[in-house]
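The chain contents come next:
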Amino acid sequence: MNLMLDRLRASTATPDPISPVSQADRDAFHRIVGGRQLSAVFQPLLDFRAASYMGFEGLIRGPVGTRLHSPVALLNLARACDMTMEFERLCREIVFREFRRLALPGKLFVNVSISCLGDPFFLSRETRKILDEIGLHPGQIVIELTENQHVSDFSALRDVLNAYRVAGYHIAVDDLGEGFSNLRIWSEVHPEYVKIDRHFISGIADDTMKFHMVKAMRDLGEASQAKLIAEGIETQAEFETIRDLGIDFGQGFLIARPAADPGRIPDEATRMLIKDSGPITFPFVQSPIGNTLRNLCEPIRPVVPETHNDEVYDRFEADPELMVIPVVEAAGKPLGLINRYSVTDRFARPFQREVYGRKACTLLMDTPLIVDIDTSIQEASRILAHAERQHMLDGFMVIEGGVYAGLVSAQVVVARITDLQIHAARYANPLTQLPGNVPINEHIDRLLESDSSFVACYCDLDHFKPYNDSYGYRKGDEVIQFLGSVLAQVCDVRRDFVGHVGGDDFVMLLQSESWREVVDEAMRRFGAGIPAFLDGVHIGQGGYWGEDRRGQPVFHPLPALSIGCVVVEVGEFHSHHEISAAMSAAKKQAKKKTSGNGVFVERRRANGAALIGEDLRH
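Residues numbered from 1 in each chain as written. Predicted model: local features only at pLDDT ≥ 70, side-chain atom pairs only at ≥ 80, totals over all residues. Heavy atoms only, no water.

Helix and strand counts for the protein stand at 23 helices and 23 strands. Counted over contacts in the protein with a minimum sequence separation of 6, partners at least 24 positions apart contribute 70%. Summing over all exposed atoms, the protein offers an accessible surface of approximately 29,200 Å²; the carbon and sulfur share of this is 52%. (Helix = DSSP H or I, 4+ residues; strand = E, 2+ residues; numbered from the N terminus. Contact = heavy atoms within 4.5 Å. Areas by Shrake-Rupley, 256 points an atom, 1.4 Å probe, with all protein chains shown as cover.)

This brings us to the environment of P63. Checked against the element boundaries, P63 lands in the loop between β3 (52-61) and α3 (71-80). Here the alpha-carbon distance between P63 and R36, two residues 27 residues apart in the chain, equals 10.0 Å. Discounting chain neighbours no more than four positions away, the residues touching P63 are I32, Q37, L68 and H69.

We now examine the sheet that holds strand β13 (residues 369-372). As summarised here, the arrangement of the three strands in space is β13-β14-β15, forming an open sheet in which the pairing is mixed. This sheet does not close on itself; its edge strands, each paired only once, are β13 and β15 (403-408). For this sheet, the mean angle separating the axes of adjacent strands, direction not counted, is 35°. Bridge count for β13 against strand β14 (residues 396-400) is four bridges, and the pairing is parallel. Paired with V371 across the strands is V398, a residue of β14. (Pairing = 2+ DSSP bridges. Axes fitted to C-alpha atoms, helices over the stretch in contact; angles between N-to-C directions.)

Moving on to unusual backbone geometry. For residues other than glycine, phi is negative in most cases, and the peptide bonds are mostly trans. A positive phi angle is found at A51, which is not glycine, with a value near 55°. Taking relative accessible area as the criterion, A51 reaches 10% and is therefore assigned buried. For D82, which is not glycine, the phi torsion reads 55° and is therefore positive. Inspection of the secondary structure assignment puts D82 in the loop between α3 and α4 (84-102). (Buried < 20%, exposed > 50% of the residue type's maximum accessible area, 1.4 Å probe, protein only.)

Moving on: the state of the cysteines. Under the definition given, this model contains zero disulfides. The thiol of C459 is not disulfide-bonded; the next cysteine sulfur, from C457, is found 6.0 Å away. (Disulfide = S-S within 2.5 Å.)

For the protein, per-residue confidence averages 86 on the pLDDT scale, and 89% of positions sit at 70 or higher. The low-confidence segment residues 605-610 (pLDDT under 50) makes five contacts with residues lying over four places distant or belonging to another chain. (pLDDT = per-residue confidence, 0-100.)

A few words now on the side chain of R243. Mapped onto the secondary structure, R243 falls in helix α10 (residues 236-245). Using a relative accessible area of 12% as the deciding quantity, one classes R243 as buried. Among the polar contacts listed, one links the side chain of R243 to the side chain of D244, at a separation of 2.7 Å. (Polar contact = N/O pair within 3.5 Å; in protein donor to acceptor, adjacent residues only side chain to side chain.)

Attention now moves to the packing of aromatic side chains. Enumeration according to the criterion identifies 17 aromatic pairs in this entry. Pairing F48 with F239 gives two aromatic rings, centres 5.2 Å apart and planes at 70°, and the pair type is edge-to-face. Of this pair, F48 sits in the loop between β2 (39-47) and β3 while F239 sits in helix α10, and the two are 191 residues apart along the sequence. A relative accessible area of 6% means that F48 is categorised as buried. We classify F239 as buried; its relative accessible area is 0%. Relative to Y169, the ring of Y164 has its centre 5.7 Å away and its plane inclined at 70°; by these criteria the two rings are edge-to-face. Take Y164: its relative accessible area is 0%, and that puts it in the buried class. When its relative accessible area of 4% is taken as the criterion, Y169 is described as buried. Taken together, the aromatic side chains of F464, Y467, Y471 and Y544 make up a single cluster linked through ring pairs. Cation over ring: R446 sits above F282, and NZ or CZ is 3.9 Å from the ring centre. If you follow K587 out to its NZ or CZ, it ends over the ring of Y458, 4.5 Å from the centre. (Phe/Tyr/Trp six-rings, centres within 6.5 Å; stacked < 30°, edge-to-face > 60°. Lys NZ or Arg CZ within 6 Å of the ring centre and 35° of its normal.)

The next thing to look at is the pattern of salt bridges. By the definition in use, this model includes 35 salt bridges. The salt bridge involving E93 is made with R36; its shortest N-O contact spans 3.3 Å. Here E93 is found in helix α4, whereas its partner R36 is found in the loop between α2 (23-34) and β2, with 57 residues between them in sequence. (Salt bridge = Lys/Arg side-chain N within 4 Å of Asp/Glu carboxyl O.)

In this fold, A51 is placed in the loop between β2 and β3. The spacing of A51 and M272 is 221 residues in sequence and 9.5 Å in space, taken between C-alpha atoms. What A51 contacts, discounting residues up to four positions off in sequence, is L46, P266, I274 and K275.

Taken residue by residue, a regular strand's side chains alternate between the two faces of the sheet. Relative to strand β9 (residues 227-230), strand β8 (residues 193-196) runs parallel, the two being bridged by four bridges. In the sheet register, Y193 faces β9, and the bridge partner there is K227. Here β9 runs beside strand β10 (residues 249-250); their pairing, made up of two bridges, is parallel. Opposite A230, over in β10, you have G250 as the bridge partner. Handedness of the β9-α10-β10 crossover: right-handed. (Right-handed = clockwise from strand over helix to strand, strands pointing away.)

It is worth spelling out the pairing of strand β11 (residues 324-328) at this point. Most of β11 sits out of view: five of its five residues are buried. Residues V324, P326 and V328 point to one face of β11 and I325 and V327 to the other, with burial holding for every one of them.

As a packed pair, α10 and helix α11 (residues 268-275) sit with axes 10 Å apart at the nearest point and diverge in direction by 45°. Between α10 and α11, the crossing angle belongs to the class labelled oblique. Classified by chirality, the crossing of α11 by α10 is right-handed. Counted together, Q236, F239, E240 and R243 of α10 and T270, L273 and I274 of α11 form the full contact between these two elements. Looking at side-chain class alone, the contact of α10 with α11 contains three nonpolar, two polar and two charged residues. (Parallel < 35°, antiparallel > 145°, perpendicular 65-115°, else oblique. Left-handed = near helix turned anticlockwise from the far one by under 90°. Nonpolar A, V, L, I, M, F, W, Y, C, P; charged D, E, K, R; others polar.)

On to helix α18 (residues 437-449). In a regular helix each residue adds 1.5 Å, so 13 residues correspond to 18 Å; α18 covers 18 Å between its end C-alpha atoms and thus fits that length. Every buried residue of α18 is listed here: V438, P439, I440, H443, I444, R446, L447 and L448. One or two residues past the end of α18 sits D451, with phi positive at roughly 55°. (Expected span 1.5 Å × (residues − 1).)

Okay, structure coming up:
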């Protein structure tokens, strides 16, 4: 045993240098330790599922009203005085005794630096004698490893921790994510508990990156059978996000602050947060695919207008992958594109190379499509669709600030727009960046699984195709983006969910008690804002003339908004498929109006068999 402890002590090192301390501070520290002038406080750890405390973390404090009340100051002095092991030994004993005196329920988490695991008194009969004396069993104690030291011999660490496990203790890793070494500790020692560093919890409700990192930690915990504890929960949004992510336990000031005599059960406010709130809307990951040509642009080296055709031909010969060469003035102004096939076809004819080889390359140059580097991929795709066939071979010349920046091939644009469309259909709509079908269905299922009541709304633009045909796709896209922004603005960012099914179809999943006001406000804002996208004459006429498929004149009403609402009570629906079908039926009822915006609300009767509809006109 002593050899094993020696190996662990030899393998740990504290990387940070010790700051100089005064003799007065050293003397004060010795008085505190010698006089046992330390006290314990305890912070609860909340079990989200059981709505109770699963245990308490024991923390140490120095004399009240002094600078050495802080545990950080005490630990720094312990290091400076080379008394870390003795200091932690005293802290553990004080925490053990006070935990038992208070008769606190559940587990007791005690902080132990890795080097102090090698304290021979910890695994000896001395510590067990203290525990037996006060009536505490090692099975109630969780050793929380603090990451302030580098470990070089993980086999020694595993051996020592196994000895603690044999003695009955459980192991926790503190501050997951704060550094790389505790990730390795997790994989090497397989702790029963893992604490997620507060950095990743702070602001998690609005930070997509933090949300998905914690979600990944949760998945790792499930794979390794470790229970996760989220530290530093300080806001309701953080609490609800951690709760809905399925993290096992939580700790933080919102739940309870450290106290000398903490409460034994969560307060009423905490219990309300656990049980009485429906699922929140998780922060959404927008499309990971770059949405502008900046992400696709290749800086192909150009030639100047005076370059001879022989040099151009030689470049094509030297690089079989090169399809197009840009022609750019010395100042960076783009002039044209020279296609490989145009040059090779011309030079393959008799005497053509002799005639044109020493002439300027502008003779074989085509007029290019020139676009700004921040042009969206969707816009570039539309430009290609309406361009001449030659441009499908040449692609785009891309400029930034009026200066040549590179080339984008048509093939790359088509491939990327296909990826965007697939991604949009499943995850995120590239036009509005709102969640697509998969996140919509996942959120509906979360609401159903939580036995929450909510209202599912299908929002659809009426007379949109004639508008798109008459005003152009660009204006049509602007109207869709406008509707998406209106729906997002009227919804509660925490409780409500807005998704973009595709085209001019949107979904709102509302948990707000004032959902009727949310729907009415969406109607009001859409009605007030749509004139900005219409010609004044058309507004005066209440519509505009166009042609039907036979070329006959037809009058089209102005675009309007229809919303079909389904009031979902607990137990009425069992899947997102059923709710989707009900929303579609309600939307069709809403669209049966003669003109203007309309809302239809569907409610099921108590037996779930028949439907009741409310037809609301705006």
